[in-house]
Amino acid sequence: MRQRTKTLLWIALPTLIVACLGWTAINVQRGIKSAYYEWGVTCIIASYAEDHDGSPPANWDDLVGYEYHTKYLPDPRTMDAAAQHISVDFESLVAFANEDIPDLPADVITPIQGIEQHWIHPKTTLERYFRDGERPHGSFDGEYAKQLRYYAEGGD
């Protein structure tokens, strides 16, 4: 092998390895954050439905104001940030709650950023909630959520 090729390999190969490791680290971190948004939004959907006689939200705007109904929503605690990390099939949620479809699709809540990781299975969690009333682990009632919001916003 020529000297120039060896030098090029000694530079290109470590650079490529470092770039791959960096890409992996960034996407694992994004995947972890997306998994928490997935869990938090699942809890928030159940809290919203409890406040609205079992009706699920129809879009992201319906969920604004429910940010403190779970401890699993990471910072920033906004629905805009959640919408950047996960996608929610609101049409299927409404159809399932109205008993128009027998089961929720597997991708009712799906991460859209990072390497896909799941702490919970939103499909089965939401099906159990809408069929049996079983609240997701980590969801808070309205009174406790108001208290958390009050203290988070610097209440005296």
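A few points about the nonpolar core
Okay, so step 1: Ranked by size, the top nonpolar core spans 25 residues in total, and within it Val41, Ile45, Trp60, Leu63, Val88 and Leu93 carry the most contacts.
Okay, so step 2: Counting residues per element, the ones that place at least two in this core are helix 1 (3–51), helix 2 (60–63), helix 3 (79–85), strand 1 (86–88), helix 4 (90–97) and helix 5 (122–132).
Okay, so step 3: Of the residues forming this core, the biggest block, seven residues, is contributed by helix 1.
Okay, so step 4: The residues touching tryptophan 60, leaving out its near neighbours within four places in the chain, are Val41, Met79, Ala82, Ala83, Ile86, Val88 and Phe90.

Examining the side chain of threonine 110
Okay, so step 1: Topologically, threonine 110 is positioned in strand 2 (residues 109–111).
Okay, so step 2: One polar contact links the side chain of threonine 110 to the main-chain carbonyl oxygen of aspartate 107, over a distance of 3.0 Å.
Okay, so step 3: Look past the residues within four positions of threonine 110 in its chain and what remains in contact with it is Glu38, His85, Ile86 and Ser87.

Examining the packing of aromatic side chains
Okay, so step 1: Counted according to the given criterion, the structure contains eight aromatic pairs.
Okay, so step 2: One aromatic cluster is present, built from ring pairs that chain together Phe96, Tyr129 and Phe130.

Considering helix 1
Okay, so step 1: Between its first and last C-alpha, helix 1 extends 72 Å over 49 residues, near the 72 Å set by a 1.5 Å rise per residue.
Okay, so step 2: One or two steps after helix 1, the chain reaches aspartate 53, where phi turns positive at roughly 55°.

A look at the pattern of salt bridges
Okay, so step 1: Tallying each qualifying case throughout the model produces seven salt bridges.
Okay, so step 2: Ionic pairing is found between arginine 131 and aspartate 103, a salt bridge with its closest N-O pair at 2.9 Å. Remark: aspartate 103 occurs in the loop between helix 4 and strand 2 and arginine 131 occurs in helix 5; sequence separation between them is 28 residues.
Okay, so step 3: Put simply, glutamate 153 and arginine 149 hold a salt bridge, and the shortest N to O gap is 3.3 Å.
Okay, so step 4: Classification of glutamate 153 as exposed rests on a relative accessible area of 55%.

A word on unusual backbone geometry
Okay, so step 1: Of note, the bond from aspartate 75 into proline 76 is cis; its omega dihedral lies within 30 degrees of zero at -5°.
Okay, so step 2: Within the chain, aspartate 53 stands out as a residue other than glycine whose phi angle is a positive 55°.
Okay, so step 3: Inspection of the secondary structure puts aspartate 53 in the loop between helix 1 and helix 2.
Okay, so step 4: The exposed category is assigned to aspartate 53, whose relative accessible area is 78%.

Overview of a nonpolar patch on the surface
Okay, so step 1: Taken together, the side chains of Trp23, Val28, Ile32, Tyr36, Ile115 and Trp119 make up a nonpolar region of the molecular surface, amounting to roughly 520 Å² of accessible area.
Okay, so step 2: By secondary structure assignment, the location of isoleucine 32 is in helix 1.
Okay, so step 3: Classification of isoleucine 32 by relative accessible area gives partly exposed; the value is 32%.

Each value, and the rule that gives it
Residues numbered from 1 in each chain as written. Predicted model: local features only at pLDDT ≥ 70, side-chain atom pairs only at ≥ 80, totals over all residues. Heavy atoms only, no water. Core = buried A, V, L, I, M, F, W, Y, C linked by side-chain atoms within 4.5 Å. Buried < 20%, exposed > 50% of the residue type's maximum accessible area, 1.4 Å probe, protein only. Helix = DSSP H or I, 4+ residues; strand = E, 2+ residues; numbered from the N terminus. Contact = heavy atoms within 4.5 Å. Polar contact = N/O pair within 3.5 Å; in protein donor to acceptor, adjacent residues only side chain to side chain. Phe/Tyr/Trp six-rings, centres within 6.5 Å; stacked < 30°, edge-to-face > 60°. Expected span 1.5 Å × (residues − 1). Salt bridge = Lys/Arg side-chain N within 4 Å of Asp/Glu carboxyl O. Patch = residues over 30% accessible without salt bridge, like charges linked within 9 Å, V, L, I, M, F, W, Y side chains within 5 Å. Areas by Shrake-Rupley, 256 points an atom, 1.4 Å probe, with all protein chains shown as cover.

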